[in-house]
Each structure stands twice: as structure tokens, then as C-alpha cells.
Amino acid sequence: MDRMAAMETYVAVVEAGSFSAAAKRLRLGQPAVSKSVAQLEARLGARLLLRSTRGLMPTDAGQRFYEHAKRAIVEADEAEQAARQSSESLSGTLRICAAVTFARLHLMPVLKDFLDQHPSLQVDILLDDRQIDLLEEGIDVALRMGELDDSTMTARRIAQSPRLVVGTPAYFLAAGVPGTPADLSRHQAIVYSQRGGGESWVFSRNGSATAVAVSGRVRVSAAEGLRAAVLADMGLTVASEWMFAPELANGKVQAVLHDWKLPPVGLWAVFPSGRLATSRARAFVAFVETVVAGPAGAAA
């Protein structure tokens, strides 16, 4: 039995809460995961896991073993990373999660540059606007927008973008240009129904805040839909500068209410809870930081 592999498998089972979820995270078959834990229990002569209505739960012995195993894995990872720091090239597979629109506009066009720097590296990209379970999906690093609700996650803000009220010139020609936030009540708002969106937009100016209730005939659950609705002249919306960067540059979309500010949007690098960031993930995050700080990115 490979003791380190067995410990990694057991830790994955405890954190994922089931053999099937751990198998997906480790990219192994479920029978192999179950067999590994059974062999580990036989080696230790102790029951490590119990089934409950909430899934698999560690016994007292299992919890103590988990804590020590977790520490050993982290120390082993740190030792490997220290040994590899002298190497500029990365290898293996980096599994990334990112929002669809941000990835399409700002990541995919420059990803080849990152791969060219590391010719032995493979990248597996999961594009999803939702906040998925990083451990369950086996994600090394996720790029997430807005505020983070889960304080247990290991995260670092790597950039920040202004939020703007935007619409097309054709829409503003037909509906008029709002001069104050209160004018928005007379406009068709494209409402983003995911977290960070909604029908209440909060503006600030000279230290005072103003909340405005907006409404419209179109609600969307994905940023790609928000972009499509605005570009089809259906209404105005609130969005990060990142989301409409190409159109703001070429004039196909215009920002209004320049004298009023909206809360900015943060871009976060989020790592699976309890896991040390791999050298691949750290190198990728550093690359993204240079991308969003460059001319094609938004203000950081």
C-alpha cells in the first residue's frame, strides 16, 4: 500500500463526504477509493468512517487520523514545491474554473501565451457562471467575481473593475440618456438574476448613497445573455467594465451616469479549502494578474 496515496484518498473522502464524490475529485473509480480506505482501516486496525444520513462521517479515530494525514500531505506538497521552484517550466494538468464571459473575452484569447511558457502543461477549463464545489469538481483554482460568501475558502483578490450603467447608442437614442439614478425607473433594465445582480442598484456620490429600484421585461441568468440583450438594444444594465470591454472601446456600447459610482467588482483567485495551492495554480494566477493589468484588461 502506498501510504501517501492512501492518506490522500482518505482525506478526499472526508472532505467530499462520500466515496463517489472523492472518486470524481481524484479521477479514480469508486471501487478503488472504497478499497483504499478499507485497506487503510485494516492496516491501522481501526474504523475510520461511519455512514450517516448526511453521508460518510469520520469516527473519533478517523478524525484524529484525518488531521494528521492532512498535515502530512500539506508538508509533502510544500517539500515538492520547494524542490520545483528552480524550474521555470510546469507540467501535468491544471484544472481551472472561470465565468463564461470573462474567460471568453479576457482569458481564452491570451491562454496560448501561458501554454507557450509551459509546453509540458495541460489545461482543463470548466466554464460556469455558478459557484461550483471546487473540491467535488477537482478544481485547482477558480476565477470568481464579486464578493465571496464562504469565509472558509482560500482566496486572494487579484484585480478590481469599475461597474457601469451601459447601453447601446441606439437604445439611448430611442429611450433618452438618464441624467440621474432616479431616471432609471423610466428605462428598460436588463436584470441579471445571479448573485451580484438584482433589481436594486446602489449608487454613491459625495459620500451619500442612493438605491434605485429598476425593472424591465428581460431577466437573464448568465452574463452571455446579459451582453446579448444589451447589444440587441433591448435596454440598459449594470455590468463590470470587463464584461463590455471590447464594445466600450469601439463605441458599440456607452456608459452613462459618470458622476455616480457603483460598488466595484473584484476578481478573486479561489483555491479549494484546506489544500495548498499548487505551483501550476500559482503560476496561472500570476499570469492572469498581468492580463487584467494590461491594456486589454480593466482597471485593477
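Residues numbered from 1 in each chain as written. Predicted model: local features only at pLDDT ≥ 70, side-chain atom pairs only at ≥ 80, totals over all residues. Heavy atoms only, no water.

A. Quick look at the nonpolar core. L94, V141, L143, L267 and F284 are the most contacted members of the largest nonpolar core, which has 28 residues in total. Broken down by secondary-structure element, the contributors of at least two residues to this core are β3 (91-98), α5 (100-107), α6 (111-117), β5 (141-145), β6 (154-161), β14 (265-271) and α11 (279-293). At seven residues, α11 tops the list of elements feeding residues into this core. Setting aside residues no more than four positions away along its own chain, L267 makes contact with F102, L143, R144, M145, R156, R157, I158, A159, W242, V288 and V292. Counting 20 residues, the second largest nonpolar core, distinct from the first, contains F19, F65, A69 and I73. (Core = buried A, V, L, I, M, F, W, Y, C linked by side-chain atoms within 4.5 Å. Buried < 20%, exposed > 50% of the residue type's maximum accessible area, 1.4 Å probe, protein only. Helix = DSSP H or I, 4+ residues; strand = E, 2+ residues; numbered from the N terminus. Contact = heavy atoms within 4.5 Å.)

B. Broad picture of the sheet that holds strand β13 (residues 254-256). Strand order in the open sheet formed by three strands is β12-β7-β13, and the pairing between neighbours is antiparallel. At either end of the open sheet lies a strand with only one pairing partner, and these are β12 (237-240) and β13. Averaged over all pairs of adjacent strands, the angle between their axes in this sheet comes to 55°, without regard to strand direction. As defined by bridge partners, strand β7 (residues 163-167) adjoins β13 across three bridges and the pair is classed as antiparallel. Within β13, the residue paired with V166 across the bridge is A255. (Pairing = 2+ DSSP bridges. Axes fitted to C-alpha atoms, helices over the stretch in contact; angles between N-to-C directions.)

C. The arrangement of the packing of aromatic side chains in detail. In the structure shown here, the tally under the stated rule is five aromatic pairs. With a centroid separation of 5.6 Å and an interplanar angle of 65°, the aromatic rings of Y171 and F172 are classed as edge-to-face. Here the two residues Y171 and F172 agree in accessibility, since each one is buried. Among the aromatic residues, those joined into a cluster by ring pairs are F114, F284 and F287. (Phe/Tyr/Trp six-rings, centres within 6.5 Å; stacked < 30°, edge-to-face > 60°.)

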